[in-house]
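What follows is the residue order along each chain.
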Amino acid sequence: MKRIYSVLVENRSGVLCKVAGLFSRRCFNIDSLAVGETDDHAVSCMTIVSSGDERTLEQIEKQLNKKLDVIKVKTLSQEQCYTRELMLLKVKYNKNNRRDIIEICDIMKTEIVDMSKHFMMLQICDAPEKIDTLIKMLQTISIVEVARTGTLALSKCSENDD
Amino acid sequence: MIGADAIIKCLEAEGVSTVFGYPGVAICPFFNSILDSEIQTVLIRTEQNAAHAASGVARMTGRPGVCAVTSGPGATNVITGIATAFADSIPLICITGQVNSELLGSDVFQEADITGTVESFVKYSYLVKNVNDIPRVFKEAFYIANTGRKGPVLIDIPIDIQNAVIKNFHYPEEVNLRTYKPTVKGHAVQIKKVIKELERAKRPIICAGGGVLLSEAEEELRGFAEEHGIPVVSTMMGIGVMPTEHPLYYGMVGNNGKAYANRAMNESDLLIMVGARVADRAVSQPDLITRNKILVHIDVDPAEIGKNAGPSIPLVGDAKHIFQDFQKEEFSCDYEEWIATLNEYRSTMEKKRTPNPNYVDPAAFITRLSEKMQEDGVYVADVGQNQIWSCGYHIVKKGKFLTSGGMGTMGYSIPAAMGAKTAAMDKQVIAVCGDGSFQMSMMELATIRQHNIPVKIIVLKNNYLGMVREYQHYTYKDHYSVVDLSGSPDLEKLSAAYDIPYLRLNNMEHVDEVLDAFLAEDNTMLLECMIDPMDLVK
């Protein structure tokens, strides 16, 4: 089972280490982690994707809540939220596959952000599954380098948001 | 006023009377300023014991114990003591000196990243980088250590911050922590549910853990149990919640506990676990405590509930508040049949020992000792076979029973007893250890002598690391490895070297006169009891 934790924490040095340490010490998985400041400089948001059985996933939430630097923990299931990742990817191209790459980019809403004589840099911002699909599509063509962020997630908009 | 003066002011404001510590350059400003205060300092002989001694203070007073050590090796040495306190949820304030803040991270002499290193053993830690933060940090630290699920808090203070001038010292009256608001009051709906189950139950039992003692809820729990005739068992850390000979108390559970206590817990139809972690030594098979029964789990730490066993009724809150709320509820119940069954178990299932008459029988000795101890005497058990014998045969009356239950740290008893005695000079305090655990803390005999801390020490000597030897006896068929304690010092000569009176008991023949002599005065004394090296706890 997968679960997404949206964790608001005090924006202090050492907090990332404390949260990551909690996961390693208690043998919890981190499938993905993304950290950034929120609209409030004093608060950061960590989006952590983890997997495990129900008891483990409940323990993760409780143990996170126990940390004194954690302000709030929201747990999100995939149906309840929008998830996004950003990926930059470099491919090597030649005149035979150039058209194919452009076509894939078109279908996958992927932007070409940079180009040289033999290399192209692509950028995609989408749900993690879409990003996996793009990688799969481009695997037949040669991928040189990949950098992707962790998953970001926010719960879907509702009138109860406040 | 400089930072170091401010720290002392904070400790004074918190009513701290003793600091256990070991100096080094990085904590010298602190130890210089403390000379101008009424706070007593005790020079411990190794840093680990400073934390154990502070733990003894905390467990006697219900307030955080304080220790202060230097940077680098001083700080790393204290970690085992902190981890011991953390495992048993004992509130500590541990102050560590640190190198100059401008040199942090450059691996200078005696620099250790202590806040990073100790992270998994503290409730919280601070690295103070601005002298003006000192009052707020200390106020928060004492509050965090002693509220909710208690635990150690470490404050790391670079030497330049201790020496920096602080403009306005003002000790805050309140803390303002947006991320920390422990739940102490139990949810009313959950409380009603528990009462309903008690009405329905035929075989209820309360299993009391160390959390009951930490929230000082002994009276409430006992009162509730007595009013409704509910039997009580305890974990190792819960020893002392009920007097051992209370008719409703059925002993310690767990793989080193009483067989009838485990049977009582397993056969119950309603188990109320309170302030206990459901850890492996108390409950080796968590499914047994949920099978065919309703499990109510009461704990101030929500993360403990459901961690090792899924309860039918989770109840987050402080034991004292919750039992006060239970006491307000009226309900009818009749558990007499159940009590009769348990009494039968208790009278028939006590294991018979076959002691070797040439040696001191630790079981009979410990029982005799408890009979002769003052009613409110403090018994500090170490770790090893001696601990299991102590748990099994010490009779608690009105006193406290202190031991390292969660971490099982050898060498705990002597420094913890020193801390306990310092905090309660009017009480009789006795440390009971084995010859292995004694040698882990025997350097503290000097501290006892230097500071005149009249704790009594009993060494159950069997020339082995007995607990491991026993394990090797069963698991490796007497293939003993690294458990022989030959080479240990002659304790009579050792006591003489420290100018500490010494007594020795070879067998049970003179137990009464030796114990009477040992307990006659409120002074330090060492009693060595010769135990059969092959004796077993099981």
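Please read all numbers here as calculations on a predicted model, not as lab measurements. (Residues numbered from 1 in each chain as written. Chains lettered and ligands numbered in written order. Predicted model: local features only at pLDDT ≥ 70, side-chain atom pairs only at ≥ 80, totals over all residues.)

Engineer: Is there a simple way to think about the overall build of chain A in this case?
Structural biologist: A count of helical and extended segments in chain A gives 4 helices and 9 strands. Taking the principal axes of the C-alpha coordinates as reference, chain A spans close to 55 × 35 × 35 Å. For chain A, long-range pairs separated by at least 24 residues make up 73% of all intrachain contacts whose partners lie at least 6 apart in sequence. (Helix = DSSP H or I, 4+ residues; strand = E, 2+ residues; numbered from the N terminus. Contact = placed C-beta atoms within 7 Å.)

Engineer: Please clarify how the domain arrangement of chain B should be interpreted in this entry.
Structural biologist: In many analyses, interface size is given as the accessible surface area lost on bringing the parts together. All names here are of chain B. For chain B, the domain assignment lists domain 1 (3–163), domain 2 (188–348) and domain 3 (362–530). Summarising the inter-unit geometry, the C-alpha centres of domain 2 and domain 3 are found 30 Å apart. Taken residue by residue, the interface counts 10 residues in domain 2 and 9 residues in domain 3. Residue classes in the side of domain 2 that touches domain 3 are distributed as 5 nonpolar, 4 polar and 1 charged. (Domains from an automatic or database assignment. Nonpolar A, V, L, I, M, F, W, Y, C, P; charged D, E, K, R; others polar.)

Engineer: Could you clarify how one ought to interpret the packing of helix H1 (residues 3–13) of chain B against helix H7 (residues 134–146) of chain B in this entry?
Structural biologist: When two helices pack together, their arrangement is given by the angle between the helix axes and the distance between those axes. Residues and elements named next belong to chain B. Between H1 and H7, the shortest axis-to-axis distance is 9 Å and the interhelical angle comes to 30°. Here H1 lies roughly parallel to H7, going by the angle between them. As for how H1 packs across H7, the hand of that crossing is right-handed. On H7, the residues that touch Gly3, Ala6, Ile7 and Cys10 of H1 are Ile134, Pro135 and Phe138. (Axes fitted to C-alpha atoms, helices over the stretch in contact; angles between N-to-C directions. Parallel < 35°, antiparallel > 145°, perpendicular 65-115°, else oblique. Left-handed = near helix turned anticlockwise from the far one by under 90°.)

Engineer: Got a minute to help me understand the domain arrangement of chain A in this structure?
Structural biologist: All names here are of chain A. Assigned domains of chain A: these are domain 1 (2–76) and domain 2 (81–153). Summarising the inter-unit geometry, the C-alpha centres of domain 1 and domain 2 are found 29 Å apart. Taken together, the contacts link 8 residues of domain 1 with 6 residues of domain 2. At the level of elements, strand E1 (2–10), strand E2 (32–37) and strand E3 (43–51) are the ones that each hand at least two residues to the side of domain 1 that touches domain 2. If you tally residues by element for the side of domain 1 that touches domain 2, the top one is E2, at 3 residues.

Engineer: Honestly, the sheet that holds strand E1 (residues 18–22) of chain B in this entry has me stumped. Any pointers?
Structural biologist: Pairing between sheet strands relies on hydrogen bonds along the backbone, with the strands arranged either parallel or antiparallel. Residue and element names in this part refer to chain B. Spatially, the 6 strands line up as an open sheet ordered E2-E1-E3-E4-E6-E5, and their pairing is parallel. Each edge of the open sheet is held by one strand with a lone partner, namely strand E2 (40–43) and strand E5 (124–127). Going from strand to strand, the sheet's axes swing by 20° on average, the running direction of each strand aside. Sheet topology note: the strand E3 (residues 65–69)/strand E4 (residues 92–98) ladder contains 5 bridges and is parallel. The residue bridging Cys67 from the neighbouring strand is Cys94, located in E4. Seen against the sheet, helix H5 (residues 79–87) touches E4 and strand E6 (152–158) and runs at an angle of roughly 150° to E6. (Pairing = 2+ DSSP bridges.)

Engineer: Could you clarify how one ought to interpret the sheet that holds strand E15 (residues 429–434) of chain B in this entry?
Structural biologist: Residues and elements named next belong to chain B. The strand order E14-E13-E15-E16-E18-E17 describes an open sheet built from 6 strands, whose pairing is parallel. Whereas interior strands pair on both sides, the edge strands pair on one side only; in this sheet they are strand E14 (401–402) and strand E17 (502–505). Bridging between E15 and strand E16 (residues 456–461) involves 5 bridges; their strand directions are parallel. Each bridged residue has a counterpart across the sheet, and for Ile430 the counterpart in E16 is Lys456. Sheet strands in contact with helix H22 (residues 511–519) are E16, E17 and strand E18 (525–530), and its direction is about 160° off that of E17.

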